[in-house]
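Analysis of the macromolecular model
Residue-level listing of the chains:
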Amino acid sequence: VVRRRLDANEQAQLALDAADLEILSAAVQDSVVKAENLRFDAKARRFSLELNRFRWEAAKKKSQERVRTLLAFDGVLSVRTRAISKADPELILSLLSITFAPDAEPPGGTITLLFAGDGELVLKAEMLDATLMDSDYVWPTRHTPGHEKRKR
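Residues numbered from 1 in each chain as written. Predicted model: local features only at pLDDT ≥ 70, side-chain atom pairs only at ≥ 80, totals over all residues. Heavy atoms only, no water.

Attention shifts here to the nonpolar core. Within the largest apolar cluster, 27 residues are counted, with the highest numbers of intra-cluster contacts made by L21, L49, F73, I98, I111, L113 and F115. Contributing elements (two or more residues each) for this core: α1 (18-28), β4 (46-54), β5 (65-74), β7 (92-102), β8 (109-115), β9 (120-125) and β10 (130-140). Excluding its chain neighbours within four sequence positions, the residues that come into contact with I111 are F73, I98, T99, F100, L121, V122, L123, A125 and L128. (Core = buried A, V, L, I, M, F, W, Y, C linked by side-chain atoms within 4.5 Å. Buried < 20%, exposed > 50% of the residue type's maximum accessible area, 1.4 Å probe, protein only. Helix = DSSP H or I, 4+ residues; strand = E, 2+ residues; numbered from the N terminus. Contact = heavy atoms within 4.5 Å.)

Among the structural elements, L70 can be located in strand β5. The partly exposed category is assigned to L70, whose relative accessible area is 32%. Residues L70 and T131 lie 61 residues apart in sequence; the distance between their C-alpha atoms is 7.9 Å.

Mean pLDDT over the protein works out to 86, with 86% of the residues at or above the 70 mark. Confidence drops under pLDDT 50 across residues 1-9; counting only partners more than four residues distant or on other chains, this segment forms 25 contacts. (pLDDT = per-residue confidence, 0-100.)

Here strand β1 (residues 12-15) shows one buried face, formed by Q13 and A15, and one open face, formed by A12 and L14. Here β1 pairs with β10 via 4 bridges, running antiparallel. Bridged to Q13 within β10 is L132. (Pairing = 2+ DSSP bridges.)

Moving on: α1. Of the residues making up α1, those classed as buried are D20, L21, I23, L24, S25, A27 and V28. Tucked into the core, α1 has its buried residues touching β1, β2 (31-34), β4, β5, β7 and β10. Where α1 begins, the side chain of D17 points an oxygen toward the backbone nitrogen of A19, at a separation of 3.2 Å. In the stretch just after α1, D30 is the one whose phi turns positive, near 75°. (Polar contact = N/O pair within 3.5 Å; in protein donor to acceptor, adjacent residues only side chain to side chain.)

Let us look at unusual backbone geometry. Following P106, the chain continues into P107 via a peptide bond in cis, with omega recorded as 20°. Summarising the element assignment, P107 is placed in the loop between β7 and β8. One non-glycine residue with positive phi stands out, namely D30, at about 75°. Within the fold, D30 resides in the loop between α1 and β2. Using a relative accessible area of 5% as the deciding quantity, one classes D30 as buried. The backbone of D118 shows a phi angle near 70°, a positive value even though the residue is not glycine. Take D118: it is sitting in the loop between β8 and β9.

Attention now moves to the packing of aromatic side chains. Per the stated rule, a full pass over the model turns up 2 aromatic pairs. Here F54 and W56 contribute two aromatic rings whose centre-to-centre distance is 4.6 Å and whose plane-to-plane angle is 65°, an arrangement assigned as edge-to-face. Among the residues examined, W56 registers a relative accessible area of 31% and is labelled partly exposed. When the ring of Y137 is compared with that of W139, the centres are 4.9 Å apart and the planes differ by 35°; the resulting orientation is tilted. The exposure class assigned to W139 is partly exposed, which follows from its relative accessible area of 23%. (Phe/Tyr/Trp six-rings, centres within 6.5 Å; stacked < 30°, edge-to-face > 60°.)

And the structure:
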């Protein structure tokens, strides 16, 4: 397991413990996903999201980009949601962070994906096994995600 920031040329990153997941969380902060791109395959025990990820590791003042990315969690036993619905498949969600809370008896635990607007996905997993994989589909963007409060 590699514990470092994503390099601008890297295609995939793994997370097998909470420290690794912090790196992935930072890489996917401010990614956007349509509700229809949240998928749980109970038989395969896999939860996946297709994201449009802002490439923080490659951000420069004049050169900013997004990349189509797959984020997958294996060993997922169940998924709970709060303030997230797939009723509108075109609903855009903005991912803020991902955390892992281990069970009293590892390696199982709870993976929490927090979205803007208090949306939350809670994955009960038999272990932490996450993969982040960028595609070759990269495009420029003029907008850097911001977290400042808007002034009226």
